[in-house]
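Residue-level listing of the chains:
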Amino acid sequence: MRLRVGDRVKVITGKDVGQVSRISRVIPKMNKVIVEGVNTARRHQRPQSGTMQGGIIDKDMPIDASNVMIVCQECGPTKVGKRFDDRGKHRVCRKCGGDL
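Let us look at the structure shown here. Keep in mind that this is a model prediction, so the values were computed, not measured.

**As for the pairing of strand β3 (residues 32–35)**
Where strand β2 (residues 20–27) lies against β3, four bridges are found, and the strand directions are antiparallel. Bridged to Val26 within β3 is Val33. Between β2 and β3, which pair antiparallel in sequence order, lie four residues; one of them, Asn31, sits at a positive phi of approximately 55°. The pairing of β3 with strand β6 (residues 63–64) spans two bridges and is classified as antiparallel.

**Some points on the sheet that holds β2**
Backbone hydrogen bonds hold the strands of a sheet together, and the pairing may be parallel or antiparallel. Strand order in the open sheet formed by six strands is β6-β3-β2-β1-β7-β8, with antiparallel pairing between adjacent strands. In this open sheet, the two strands that pair with only one neighbour each are β6 and β8 (76–77). Both strand β1 (residues 8–11) and strand β7 (residues 68–72) contribute to a ladder of three bridges, which runs antiparallel. Looking at the pairing, Val11 lines up with Val68 of β7.

**Topic: the nonpolar core**
In terms of nonpolar packing, the biggest core is built from 12 residues, these being Leu3, Val9, Val11, Ile23, Val33, Val35, Val38, Ile63, Ala65, Val68, Ile70 and Val80. Excluding its chain neighbours within four sequence positions, the residues that come into contact with Val80 are Arg2, Ile70, Arg91, Val92, Arg94 and Leu100.

Each value, and the rule that gives it
Numbering of residues starts from 1 in each chain and follows the order in which that chain's sequence is written. Per-residue local features of the predicted model are confined to residues with pLDDT of at least 70, and side-chain atom pairs are confined, for both listing and counting, to 80 or more; whole-chain, interface and lining totals are unaffected and use all residues. Values shown for side chains rest on all heavy atoms present in the structure; no hydrogens or waters enter the calculation. Pairing between strands is defined by DSSP: at least two bridges between them are needed. Under the DSSP-based scheme used, a helix requires at least four consecutive residues in state H or I and a strand at least two consecutive residues in state E, with every element numbered from the N terminus. By convention a nonpolar core is built from buried Ala, Val, Leu, Ile, Met, Phe, Trp, Tyr and Cys residues, the set being connected through side-chain atoms within 4.5 Å. Working definition: with a 1.4 Å probe on protein chains only, accessible area under 20% of the residue-type maximum means buried, over 50% means exposed, and in between means partly exposed. Contacts are residue-level and defined by heavy atoms, with any inter-residue pair within 4.5 Å sufficient.

Spelled out as structure tokens, the structure:
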């Protein structure tokens, strides 16, 4: 999986198509990512301790990694490539060749 926490991504399929946001969590075993503000569900939360309040909360649910596309600062949504050099391997934009 070439996506990392903090990457800006654009949703390309599903009910939130077109939204651009950041990845908050990556689940590589299931090939899923959690994107801030995307695929939000309302969940009933029980109070866990004396200070925590219960109620209905909005929770970001996982979305498949194939349904998002990383966004380059120069050229927009793009595929991710790899470059190997003396410093190691880097993720690069397939359109412009810049580092991601």
